[in-house]
Amino acid sequence: MTRSQIQAAVVELLSITVGRPIAPSESVTRDSEPSWDSLKHVELILMLEEQFAVQFSEKEMAALRSSGEIVQAIEEKNAT
Amino acid sequence: MTITNTIEDEVRSAPSVKRADLLRLIEPPGLSPIHLRVHRNYAFELIGSVLPPFLWMAGLKPIVAYGDYDDTLTFSQIDPAAVQIISLDFERYGEQAYSAEFRNWFAGRLENLRVKNHGPIIVSNWPSESPNAGRFNLELEKIADRLPSVFVWETVEIFRKMRTEFFDERVAVAKGTRLSNSACIELARSLGLIRLPSALLPRIKAVAVDLDNTLYEGVLGEDSVEGIHISAGHGAIYKELLRLREEGVFLAILSKNDERDFVELCQRRRDFLLKPEHFSAISIGWQTKSEGLVRIAEQLHIGVDSILVVDDNSGEIAQIRTGHVNTPLLHSRSPEQTLFWLRHYPALNGYRANSATPLRISDLKASRQRDLLRVSASGTDYLREMQIELTYALNSMSSRGRLAELSQKTTQFNTGLRRFSEVEVARRLEAPGHCTISISMRDRFCDSGIIGAIFARMDGDRLLIEEVSVSCRALGRNVESPMIALALSPVIDRYGLRDVSFLFRKGPRNLPAHMWLTSFTGVPDIADGSFTSVAWEKISQRDICLSAPVAYRWEQITG
């Protein structure tokens with residue numbers, strides 16, 4: 001899976017999570033998105049795990065706070 | 001509601017559906033809002049967020065309110081009319097939960113909630129195969145039977161199917177639950193498609209199935225009896241249909257075919273487990289499916305909107321939908337898909353059996369024999385030859401579920417159109433000055449069980465009759481007036497009452513009730529929406545009714 005494919009899929013899942021369309025180039029962070037609360041974050045992680053067949057630890061879950069960090073974490077998991 | 005082969009229906013029936021696929025589905029218009037209050041000690045939100053796409057299938061839009069995590073079930077936030085859902089992670093209680101004391105405490109909390117709220121209560125059981133969980137679940141079943149409108153949400157079954165996939169302890173603390181993502185989705189599916197619809201909606205009364213490419217692969221008229229293919233999946237459908245029949249759901253055939261071919265199929269193919277006698281109505285011919293459906297409804301004495309039609313042909317499905325917009329439809333695409341929806345179609349499964357359930361099918365057969373008798377006899381001769389026996393009970397708590405069902409579901413003979421929930425019926429049964437009479441009927445052809453209910457209360461020397469409900473199955477035997485007069489007479493005598501006062505409300509289908517009330521009271525202008533009072537002595541048909549040739553007895557006249 002290429003970085004742009006991962007990016008597109010992450011953006012789509014994030015838009016489901018926050019309930020609004022997100023442009024591919026838009027950078028979304030938990031701090032800037034009030035509806036991205038802790039429960040939505042768990043739901044997003046579950047969807048990412050389903051979509052990319054990866055698993056996140058509790059520490060990794062807590063560290064993922066923006067669309068960019070999520071894309072990077074998935075790339076790293078795919079590489080290993 | 002129609003289940004076709006849309007992507008949405010595939011998503012909802014997929015064995016391993018993804019959370020994102022469910023959350024992408026778009027809410028359909030025209031749903032009825034339903035308020036749910038969740039009492040929990042874990043993050044039920046992961047079930048709640050994927051519940052709507054399943055409940056939409058039943059035409060319901062959930063509005064979910066969550067209390068704080070509460071192991072002690074204080075029920076500090078209660079909406080009296082909302083559906084209450086109690087879902088606990090019992091492992092959080094440790095060894096405490098193994099004791100009889102815990103089970104008693106839990107029963108007490110349910111009783112407390114029952115008093116505070118009059119909506120249905122859904123309580124999840126303990127998803128574990130440990131003996132302690134088994135004991136708890138058994139006790140929970142007993143409590144649910146004892147309390148009105150308390151329903152057990154069968155999570156153990158899902159646990160058994162998923163086994164090691166059910167829990168995911170990996171990030172349990174961060175998620176707020178030990179349930180795995182896939183378990184949350186399966187739980188939402190069972191709650192949304194089965195548990196909640198069965199607690200809230202009247203049951204679908206019949207399943208009308210097509211033949212070709214639905215109950216087997218092939219076309220009977222072209223491929224012949226030997227040429228059609230019956231797979232293991234079709235066999236599973238037959239068993240599922242027979243299970244539904246055992247539960248009191250009528251089976252019917254709705255097919256464009258030659259009936260002789262169908263009879264030959266039943267006789268010659270031993271792997272075709274369904275037989276003509278399993279079907280309470282058969283419409284096989286060359287009329288439109290809409291017309292055939294109406295014929296089936298007439299044969300079964302039910303409305304077309306309480307028959308689920310299963311058909312492989314999308315054109316036929318569309319044709320029925322055009323003529324009967326409220327008829328539930330299932331587009332049969334494959335045996336597996338059909339089997340799934342027979343097990344999960346909202347308002348078809350998950351219902352508690354009551355005393356009337358197994359009697360419906362035999363009663364329908366008997367009604368055909370009664371029709372023949374009616375042709376040869378008339379008036380009192382007919383009543384006498386029917387050998388009718390009525391059994392009355394006053395304020396019988398064990399019948400509360402059936403009494404509520406009668407007030408809610410019958411439509412031709414409801415005088416007041418009062419719709420009492422099971423909880424309201426239970427409260428009336430215990431309330432001073434209230435009389436609720438159940439009426440059971442048996443005749444020479446069969447036992448019909450409880451077929452009538454009278455909901456009344458005393459007001460000075462008047463008996464205010466808020467509702468008389470008679471099942472459609474009991475109508476047409478010319479026994480309504482004697483049946484009701486014989487029920488009221490001892491109550492009036494016992495309490496020294498003078499007048500009877502009937503509430504009448506006009507509904508879309510209760511013209512027979514209006515006609516009966518006019519004839520029974522002798523009052524020609526029964527007003528809509530108010531009580532019509534008559535002195536009991538002046539009931540025009542009273543003496544004729546009380547001396548009608550029917551046998552009767554009181555089973556319970558206390559309370």
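All figures in this text were calculated on a predicted structure; none of them were measured in a lab.

Pulling in residues and values, what's your account of the overall build of chain A?
Helices and strands together make up the secondary structure of chain A, namely four helices and zero strands. Counting from the amino terminus, helix and strand elements in chain A follow one another as α-α-α-α. Relative to its length of 80 residues, chain A is compact, with a C-alpha radius of gyration of 11 Å against a globular reference of 12 Å. Taking the principal axes of its C-alpha atoms as reference, chain A extends roughly 35 × 25 × 20 Å. Counting across all 80 residues of chain A, residues that qualify as buried make up 25%.

Give me the lowdown on the overall build of chain B, citing residues and values where you can.
Secondary structure assignment for chain B yields 22 helices and 18 strands. What you see for chain B is a C-alpha radius of gyration of 26 Å, in line with the 24 Å of a compact globule of 559 residues. For the C-alpha atoms alone, the extent of chain B along its principal axes is close to 75 × 65 × 40 Å. Relative to its full complement of 559 residues, chain B shows a buried share of 43%. Residue pairs at least 24 apart in sequence account for 73% of intrachain contacts in chain B once pairs closer than 6 positions are excluded.

For the domain arrangement of chain B, give the residues involved together with the corresponding values.
Split by domain assignment, chain B resolves into domain 1 (2-200), domain 2 (206-344) and domain 3 (359-556). Relative to domain 3 of chain B, the C-alpha centre of domain 1 of chain B lies at a distance of 39 Å.

Lay out unusual backbone geometry in plain terms, naming residues and giving numbers.
Residues and elements named next belong to chain B. Residue Leu 73 is not a glycine yet carries a positive backbone phi of 50 degrees. Along the chain, Leu 73 turns up in the loop between strand S3 (60-69) and strand S4 (83-87). Backbone geometry at Ser 149 places phi at a positive 55 degrees, although glycine is not the residue there. Tracing the backbone shows Ser 149 in the loop between helix H6 (131-146) and strand S6 (150-153).

Describe the pairing of S4(B), with residues and values.
Successive side chains on a regular strand alternate, one facing one side of the sheet and the next facing the other. Residues and elements named next belong to chain B. Taking burial as the measure, the five residues of S4 include five buried ones, the bulk of the element. Side chains of S4 alternate between two faces, with Val 83, Ile 85 and Ser 87 and Gln 84 and Ile 86 buried alike. The pairing of strand S2 (residues 32-40) with S4 spans five bridges and is classified as parallel. What sits directly across from Arg 40, in S4, is Ser 87. Examined bridge by bridge, S4 and strand S5 (residues 121-124) share three bridges and lie parallel to one another. In the strand pairing of S5, Ile 86 is matched with Val 123. Read from S4 through helix H5 (residues 100-116) to S5, the crossover connection turns out right-handed.

Could you give an account of the nonpolar core, with specific residues and numbers?
All names here are of chain B. Ala 208, Ala 252 and Ile 307 are the most contacted members of the largest nonpolar core, which totals 108 residues. Top element by residues in this core is helix H9 (residues 181-200). It accounts for 10 residues. Shared between two domains, this core holds at least three residues of each, these being domain 1 (2-200) and domain 2 (206-344). Those residues in contact with Ile 307, other than ones at most four positions away along the chain, are Lys 205, Ala 206, Ala 208, Leu 293, Ile 296, Ala 297, Ile 302 and Thr 327. Counting residues in hydrophobic clusters, the runner-up holds 49 residues, among them Val 425, Ala 513, Phe 520 and Cys 545.

Can you explain the sheet that holds S5(B)? Please cite residues and give values.
All names here are of chain B. Taken in spatial order, the five strands make up an open sheet running S3-S2-S4-S5-S6, and their pairing is parallel. A single partner strand is all that each edge strand has here, and the edge strands are S3 and S6. Each strand of the sheet is rotated relative to its neighbour by a mean of 25 degrees, with strand direction disregarded. Contacting S2, S4, S5 and S6, H9 crosses the sheet at an angle of about 170 degrees to S6.

Could you give me a rundown of the packing of helix H1 (residues 3-18) of chain A against helix H2 (residues 38-52) of chain A, with the residues and numbers involved?
Residues and elements named next belong to chain A. Relative to each other, H1 and H2 sit at 145 degrees, their axes nearing to 10 Å. As for how H1 packs across H2, the hand of that crossing is right-handed. Where H1 approaches H2, its residues Ala 9, Leu 13, Leu 14 and Thr 17 are matched on the opposing element by Lys 40, Glu 43, Leu 44, Met 47, Leu 48 and Gln 51. Of the residues contributing to the contact of H1 with H2, the split by class is six nonpolar, two polar and two charged.

Could you give me a rundown of the interface of chain A and chain B, with the residues and numbers involved?
Counting residues at the interface gives 13 residues for chain A and 15 residues for chain B. Looking at the side of chain A that touches chain B, the elements that each hand over two or more residues are H1, H2 and helix H3 (58-63) of chain A. Taken together, the residues of the side of chain A that touches chain B sort by class into seven nonpolar, three polar and three charged.

I'd love a proper account of the confidence of the model for chain A, names of residues and values included.
Do not read the predicted coordinates in detail wherever pLDDT is low. Residues at a pLDDT of 70 or more form 100% of chain A, whose mean pLDDT is 94. The lowest-confidence element of chain A is helix H4 (residues 67-79) of chain A, averaging 93 in pLDDT; the highest-confidence one is H2(A), averaging 96.

Give a description of the environment of B:Glu466 that names residues and reports values.
All names here are of chain B. Following the sequence through the fold, Glu 466 ends up in strand S15 (residues 462-470). Under the C-beta neighbour-count criterion, Glu 466 is labelled buried, with 21 such atoms within 10 Å. C-alpha of Glu 466 to C-alpha of Arg 418: the two residues are 48 residues apart in sequence and 7.1 Å apart in space. For Glu 466, the contacting residues outside a window of four places in its chain are Gly 416, Arg 418, Phe 455, Ala 456 and Leu 503.

Definitions and limits used
- Residues take numbers from 1 onward in each chain, read along the sequence in its written order.
- By the order in which they are written, chains take letters starting at A while ligands take numbers starting at 1.
- The model is predicted, so local features are restricted to residues of pLDDT at least 70 and side-chain atom pairs to those at 80 or more, both for listing and for counting; the totals for chains, interfaces and linings are taken over all residues.
- Under the scheme used here, helices are H or I runs from DSSP no shorter than 4 residues and strands are E runs no shorter than 2 residues, and both carry numbers assigned from the N terminus.
- We compute the radius of gyration over the C-alpha atoms and compare it with the globule rule, which gives 2.2 Å times the number of residues raised to the power 0.38.
- Using C-beta atoms placed from the backbone, we call a residue buried if 20 or more other C-beta atoms fall within 10 Å of its own, exposed if 12 or fewer do, and partly exposed for counts in between.
- A pair of residues counts as a contact when their C-beta atoms, built from backbone coordinates, are within 7 Å of each other.
- Segmentation into domains, and thus their bounds, comes from an automatic or database assignment.
- At least two bridges found by DSSP between two strands is the condition for calling them paired.
- Here, the term right-handed applies to a crossover whose path from the first strand over the helix to the second runs clockwise when the strands point away from the viewer.
- A set of buried Ala, Val, Leu, Ile, Met, Phe, Trp, Tyr and Cys residues, joined through C-beta atoms within 7 Å, is what we mean by a nonpolar core.
- Note on geometry: axes are C-alpha line fits, over the in-contact stretch for helices, and angles between N-to-C directions span 0 to 180 degrees.
- Working rule for handedness: look at the near helix, and if it is turned counterclockwise from the far one by less than a right angle, call the crossing left-handed; if clockwise, right-handed.
- Under the scheme applied, nonpolar residues are Ala, Val, Leu, Ile, Met, Phe, Trp, Tyr, Cys and Pro; charged residues are Asp, Glu, Lys and Arg; polar residues are all the others, including Gly.
- Residue-level confidence of the predictor, termed pLDDT, takes values from 0 up to 100.

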